[in-house]
Amino acid sequence: MQQYFIDSKISDTVIFNDEQSHHIAHVMRMKEGEIVKVVDPEEQAAYAAIHYDGKKICGILQNRLDTDTSKQIKISLAMALIKKEKWELCIQKSAECGAYDILPFISSRSVVKISEEKNEKKLSRWQKIALEACEQSKQNHCCVIHSVESFSQILEKEADLKCIAYENADMKAESLGKVLTQHPHIQSVLMMIGPEGGFSEEEVLEAKAHGFICVSLGRRIFRAETAAISAISMLNYHYEMLGE
């Protein structure tokens, strides 16, 4: 079943924007009465039946869905910028795996830099990737992609649990699973992942001074995008699946 994030609150008649209407009619080639899931800006969800009204396409409300998110953990991914193809894959898969939002940043070892002129254009593309990923995975929340910030700005972010993925011979890291077990009743997690070259020791020490816990994602050494996807998956599994 196809899902769409609509721009207005759900009512008896659901209005699709031009891009969604094109997708319904010309990409999916949906027929009159076909059922889709819609989610509004307040994260309320419902089923609607496709209705062709001349050149316009709308949805006729069928029934509303239970959207209780009171037990949902807010998982934020602070991710250092990496090369384009890997970065967009990271956004797509992290959104699918349940990231609430993604905070791109530039660290001392970041190879990729983005000018202020390109930031808005890039942000629009990244948000579209996240939206499509959340629609595909049938989520009621659309993962938000924030503007690119500095490493220092990320350190100032607040969360019930703040983790930085880092491990080497000189600095001990606890397993992520053990850390999560020690924090069973929280509402938010901030997971920070470095660029291709990882974090410097100075950055890790600074992060620890701001309340971040050094965590290990296992015995294997992951690429940056794999580390991000794995971390979000572990967090989602621990708090959503094991929590049940």
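The rules behind each value
Residues numbered from 1 in each chain as written. Predicted model: local features only at pLDDT ≥ 70, side-chain atom pairs only at ≥ 80, totals over all residues. Heavy atoms only, no water. Helix = DSSP H or I, 4+ residues; strand = E, 2+ residues; numbered from the N terminus. Buried < 20%, exposed > 50% of the residue type's maximum accessible area, 1.4 Å probe, protein only. Contact = heavy atoms within 4.5 Å. Core = buried A, V, L, I, M, F, W, Y, C linked by side-chain atoms within 4.5 Å. Salt bridge = Lys/Arg side-chain N within 4 Å of Asp/Glu carboxyl O. Pairing = 2+ DSSP bridges. Axes fitted to C-alpha atoms, helices over the stretch in contact; angles between N-to-C directions.

> Sorry if this is basic, but what is going on with the side chain of Asn236 here?
One can find Asn236 in helix α7 (residues 224-241). In this structure Asn236 comes out as buried when scored by relative accessible area, which is 18%. Among residues more than four places away in sequence, those in contact with Asn236 are Ile75, Cys97 and Met241.

> Honestly, the nonpolar core in this entry has me stumped. Any pointers?
Across soluble globular proteins, nonpolar side chains show a tendency to be buried alongside one another. In this structure, Met79 and Ile193 are the most contacted members of the largest nonpolar core, which totals 45 residues. Residue assignment for this core shows that the elements contributing at least two residues are β6 (74-80), α2 (84-96), α3 (116-136), β10 (161-165), α5 (176-181), β12 (188-193) and α7. Tallying contributions element by element places α7 first for this core, with 7 residues. If we ignore the near neighbours within four places in the chain, the residues touching Ile193 are Leu77, Ala78, Met79, Ala80, Phe105, Ala165, Phe199, Ala224, Ala227, Ala228 and Ala231. Core analysis: the next-biggest nonpolar cluster, separate from the first, contains 17 residues, Val204, Ala207, Phe212 and Cys214 among them.

> Where do I start with the pattern of salt bridges in this structure?
Inspection of every chain in the model, using the stated rule, returns 4 salt bridges. As a salt-bridge pair, Glu19 and Lys128 come within 3.3 Å of each other at their nearest N and O atoms. Residue Glu19 is located in helix α1 (residues 18-27), and its partner Lys128 is located in helix α3; the two are separated by 109 residues in the primary sequence. The exposure class of Lys128 is partly exposed, given its relative accessible area of 43%. With a shortest N-O distance of 2.6 Å, Arg125 and Glu88 are connected by a salt bridge. Within this pair, whereas Arg125 is found in helix α3, its partner Glu88 is found in helix α2, the two being separated by 37 residues in sequence.

> Help me out: how do you make sense of the sheet that holds strand β4 (residues 45-53) in this one?
The strands that make up a sheet pair up through hydrogen bonds in the backbone, lying either parallel or antiparallel. Here 5 strands make up an open sheet; going across it, the order is β1-β3-β4-β5-β2 and the pairing mixed. The open sheet terminates on both sides in strands that have one partner only, identified here as β1 (3-5) and β2 (13-15). Adjacent strand axes in the sheet meet at a mean angle of 40 degrees when their direction is disregarded. Note that strand β3 (residues 35-39) and β4 share 5 bridges and pair antiparallel. Paired with Lys37 across the two strands is Tyr47, which belongs to β4.

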